[in-house]
Amino acid sequence: MALDILYGLSTVDYGLECGCLTMKFLATEEVGRLARWLRLMGYDTVSVRSLPFTVLYRTAYNEQRIVLTRNRRIKTSRLFRVIHLTSPVLEEQLRQVLRELNLTIDDKKLFTRCDVCNVPVEPIEKARVKDRVPPHVFHKQQTFYTCPSCQRIYWAATHWERARALFEKIKQ
């Protein structure tokens with residue numbers, strides 16, 4: 001049975017742009033690590049675990065998300081795009097997504113979303129994080145960001161450098 005009949009939805013061809021103003025992704029549980037890295041790249045990426053396929057399909061359609069998966073039981077659709085990732089290796093998964101969607105890594109978008117809950121981070125005054133970060137971090141760093149949802153604090157440290165190194169490697 002076709003999804004458009006199952007849900008009573010009209011058929012839409014989203015093509016490469018998914019009909020969205022910005023790319024949004026829905027990552028299945030077997031590519032959860034990829035979801036986190038796409039968030040680090042600034043992409044709105046939700047991770048789902050153990051959802052019935054009908055709920056996954058409805059979510060992808062309603063939120064205009066591109067499904068990223070290694071699960072071959074998830075079918076392609078005319079209502080939303082599905083990318084079946086071929087490699088279990090994170091770096092290759094990132095390359096495949098960028099290649100198939102003709103995306104580039106935008107340095108201005110890096111580290112703009114919470115890598116845990118997918119919400120855009122916001123600048124926070126240094127004085128407000130004094131009791132929430134290690135003392136050496138507070139003294140060394142000048143700029144901090146916070147997730148308005150989970151209240152996690154972010155700053156540019158060695159993990160940012162490692163992530164940037166991976167992104168530079170992928171760009172080549």
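Remember, it's a predicted structure, so these values are computed and weren't measured experimentally.

### Details of the sheet that holds strand 1 (residues 24-28)
- The four strands lie next to each other as 2-1-3-4, forming an open sheet whose pairing is parallel. Of all the strands in the sheet, just strand 2 (44-48) and strand 4 (82-84) have a single pairing partner and so form its edges. Adjacent strand axes in the sheet meet at a mean angle of 25°, parallel and antiparallel pairs treated alike.

### Quick word on the confidence of the model for the chain
- Averaged over all residues, the pLDDT of the chain is 87; the fraction at 70 or higher stands at 88%.
- Low pLDDT, under 50, characterises residues 1-21; the stretch is placed with 40 contacts to residues that sit more than four places away or in other chains.

### Regarding helix 6 (residues 158-171)
- Spanning 14 residues, helix 6 covers 20 Å between terminal C-alpha atoms, matching the ideal 20 Å at 1.5 Å per step.
- Along helix 6, the positions that sit buried rather than exposed are Trp160, Ala163, Leu166, Phe167 and Ile170. In a view along the axis of helix 6, the buried residues occupy a sector of 125°, so they form one face of it. Pointing more than 90 degrees away from the buried face of helix 6 are the exposed residues Glu161 and Arg162.
- Those residues of helix 6 that are buried lie in contact with helix 2 (32-40), helix 4 (90-100) and strand 6 (144-146).

### Observations concerning the sheet that holds strand 7 (residues 153-154)
- Strands sit in the order 5-6-7 across an open sheet of three strands; the sheet is antiparallel. Each end of this open sheet is capped by a strand with a single partner; those strands are strand 5 (122-124) and strand 7.
- Two elements, strand 5 and strand 6, share three bridges in a ladder whose sense is antiparallel. By the bridge assignment, Ile124 is partnered in strand 6 with Phe144.

### Observations regarding the nonpolar core
- Judged by nonpolar contacts, the single largest core of 29 residues is most densely connected at Phe25, Leu34, Met41, Leu68, Leu94 and Phe167.
- Of all elements in the fold, only strand 1, helix 2, strand 3 (66-69), helix 4 and helix 6 reach the threshold of two or more residues within this core.
- When near neighbours in sequence (up to four residues on either side) are disregarded, Met41 contacts Leu94, Leu98, Ile105, Lys109, Leu110 and Phe167.
- In this structure, Val48, Tyr57, Ala60 and Phe80 belong to the second largest nonpolar core, which totals 11 residues.

### Quick word on the packing of helix 4 against helix 6
- Between helix 4 and helix 6, whose axes approach to 10 Å, the crossing angle comes to 55°. In terms of orientation, helix 4 lies oblique with respect to helix 6. Like other packed secondary-structure pairs, helix 4 and helix 6 cross with a definite hand, here right-handed. Contacts between helix 4 and helix 6 involve Leu90, Glu91, Leu94, Arg95 and Leu98 on the former and, on the latter, Leu166, Lys169 and Ile170.
- Split by residue class, the contact of helix 4 with helix 6 holds five nonpolar, no polar and three charged.

Analysis parameters
Residues numbered from 1 in each chain as written. Predicted model: local features only at pLDDT ≥ 70, side-chain atom pairs only at ≥ 80, totals over all residues. Heavy atoms only, no water. Pairing = 2+ DSSP bridges. Helix = DSSP H or I, 4+ residues; strand = E, 2+ residues; numbered from the N terminus. Axes fitted to C-alpha atoms, helices over the stretch in contact; angles between N-to-C directions. pLDDT = per-residue confidence, 0-100. Contact = heavy atoms within 4.5 Å. Expected span 1.5 Å × (residues − 1). Buried < 20%, exposed > 50% of the residue type's maximum accessible area, 1.4 Å probe, protein only. Arc of directions from axis to C-beta. Core = buried A, V, L, I, M, F, W, Y, C linked by side-chain atoms within 4.5 Å. Parallel < 35°, antiparallel > 145°, perpendicular 65-115°, else oblique. Left-handed = near helix turned anticlockwise from the far one by under 90°. Nonpolar A, V, L, I, M, F, W, Y, C, P; charged D, E, K, R; others polar.

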